[in-house]
Amino acid sequence: MSRDETLAIYDAKAGDYAAMSESLSEFRELEAFAAALPEGARVLDLGCGPGFYAGWLAQQGFVVEACDGSAEMVVLAKRQDGVAARQARFDELDAQAAYDGVWANFSLLHAPKAEMGALLSRIRRAGRDNMVFHIGMKLGEGEGPDAIGRFYAYYSEGELEGMLNDAGFKVRERRRGRGKGLSGEMADHVTMLCHG
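Let me sum up the structure you'll find in this document.

The rules behind each value
- Throughout, residues of each chain are indexed from 1 in the direction in which the sequence is written.
- At least 70 in pLDDT is required for a residue's local features to be given in this predicted model, at least 80 for side-chain atom pairs to be given and counted, and no such filter applies to totals for whole chains, interfaces and linings, which use all residues.
- Water and hydrogen atoms play no part in the side-chain values, which are based on all heavy atoms of the structure.
- Note on conventions: DSSP H or I runs of at least 4 residues are helices, E runs of at least 2 residues are strands, and numbering of each starts at the N terminus.
- Throughout, a residue-residue contact means that at least one pair of heavy atoms, one from each residue, lies within 4.5 Å.
- Comment: axis = line fitted to C-alpha atoms, over the contacting stretch for helices; angle = value between 0 and 180 degrees taken between N-to-C directions.
- The cut-offs work like this: below 35 degrees is roughly parallel, past 145 is roughly antiparallel, 65 to 115 is roughly perpendicular, and the gaps in between are oblique.
- The sense of a crossing depends on the near helix, which, turned anticlockwise from the far helix by less than a right angle, makes the crossing left-handed and, turned clockwise, makes it right-handed.
- Gly is put with the polar residues, along with every residue not named as nonpolar or charged; the nonpolar set is Ala, Val, Leu, Ile, Met, Phe, Trp, Tyr, Cys and Pro, and the charged set is Asp, Glu, Lys and Arg.
- Note on pairing: DSSP must find at least two bridges between two strands before they are called paired.
- Burial classes follow relative accessibility: with a 1.4 Å probe on protein chains only, a residue under 20% of its type's maximum area counts as buried, one over 50% as exposed, and anything between as partly exposed.
- What the arc covers is the set of directions going from the helix axis to the C-beta atoms.
- Only buried Ala, Val, Leu, Ile, Met, Phe, Trp, Tyr and Cys residues count toward a nonpolar core, and they belong to the same one when joined by side-chain atoms within 4.5 Å.

**Looking at the environment of Glu26**
Here's step 1: Within the secondary structure, Glu26 is located in the loop between helix 2 (14-21) and helix 3 (27-36).
Here's step 2: For the pair Glu26 and Tyr53, spaced 27 residues apart in sequence, the C-alpha to C-alpha distance is 9.0 Å.
Here's step 3: Residues within four places of Glu26 in sequence aside, it is in contact with Tyr53, Trp103, Asn105, Phe106 and Thr191.

Rendered as structure tokens:
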């Protein structure tokens, strides 16, 4: 199971994913994220998918960049007014002190567990002092393919919070939930709003 296989699945199912995610399921979390940002903040949507969350943030007056590893998702994200979208993988994030906020909504769960600590540190370096960071992850153990072949890494809440703390983040709010994703499987998840 490679990252390329996961990206190929998203490329093939970009339209289906867009139709499923247009409702902004994490809208309450999005509002809390926006409320914690300074006026005119520069924001990165990391793993933006079709860009609906990035588009909403741009409508609120934020300067929004978005990136995704899937070329087809980037095509969709570029249709959002006010969003600068580009194709990039997580490990290509090399900005330093560039963002007031980073939104990573159910995207980092595709990164191997062995890389997560370094990735969170990379995100923290990309943020300015007192940055705001939103992360959404599925709960569970281990890593491997889901029912349609996408690579997933699963965490417990305590494990995830420990990694966030190690990277320099403090969890301020959290919300647990259960929902059905693109694969049709029901899964427990958690979202965390952090400050760095």
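Having seen it, we continue.
**Notes on the packing of helix 3 against helix 4 (residues 52-59)**
Here's step 1: As a packed pair, helix 3 and helix 4 sit with axes 11 Å apart at the nearest point and diverge in direction by 40°. Relative to helix 4, the element helix 3 lies oblique. Handedness of the helix 3/helix 4 crossing: right-handed. Contacts between helix 3 and helix 4 involve Phe27, Leu30, Glu31, Phe33 and Ala34 from the former and Tyr53, Trp56 and Leu57 from the latter.
Here's step 2: Looking at side-chain class alone, the contact of helix 3 with helix 4 contains 7 nonpolar, no polar and 1 charged residues.

**Quick look at the packing of helix 6 (residues 113-126) against helix 7 (residues 157-166)**
Here's step 1: Remark: helix 6 packs on helix 7, axes separated minimally by 9 Å, with the N-to-C direction vectors making an angle of 40°. It follows that helix 6 is oblique to helix 7 by the angle criterion. Side by side, helix 6 and helix 7 meet where Lys113, Met116, Gly117 and Leu120 of the first sit next to Glu159, Leu160, Met163 and Leu164 of the second.

**Some points on the sheet that holds strand 5 (residues 127-138)**
Here's step 1: Strand order in the open sheet made by the 7 strands is 3-2-1-4-5-9-8, with mixed pairing throughout. Strand pairing shows two members of the sheet lacking a second neighbour, strand 3 (83-87) and strand 8 (170-180), which therefore form its edges. With direction set aside, neighbouring strand axes in the sheet form an average angle of 15°.
Here's step 2: For strand 4 (residues 99-105) and strand 5, the ladder comprises 6 bridges, and the chain directions are parallel. Bridging from a neighbouring strand, Asn105 pairs with Gly136 of strand 5.
Here's step 3: Relative to strand 9 (residues 186-195), helix 7 is tilted by about 25°, and along the sheet it contacts strand 5, strand 8 and strand 9.

**Observations regarding helix 7**
Since the α-helix packs 3.6 residues into each turn, any two residues three or four apart lie on the same face.
Here's step 1: Among the residues of helix 7, those classed as buried are Glu157, Leu160, Met163 and Leu164. Buried residues of helix 7 fall within an arc of 135° about the axis and therefore sit on the same side. Away from its buried face, by an angle of more than 90 degrees, helix 7 presents the exposed residues Gly158 and Asp166.
Here's step 2: Those residues of helix 7 hidden inside the fold are in contact with helix 6, strand 5, strand 8 and strand 9.
Here's step 3: Directly after helix 7, the chain includes Gly168, whose backbone phi takes a positive value near 100°.

**Quick word on the nonpolar core**
Here's step 1: Core analysis: the largest hydrophobic core is formed by 68 residues, its most contacted members being Leu108, Ile123 and Phe133.
Here's step 2: Beyond its immediate sequence surroundings of up to four residues, Phe133 is in contact with Phe33, Val102, Ala104, Leu108, Leu120, Ile123, Leu164, Phe169, Met192, Leu193 and Cys194.

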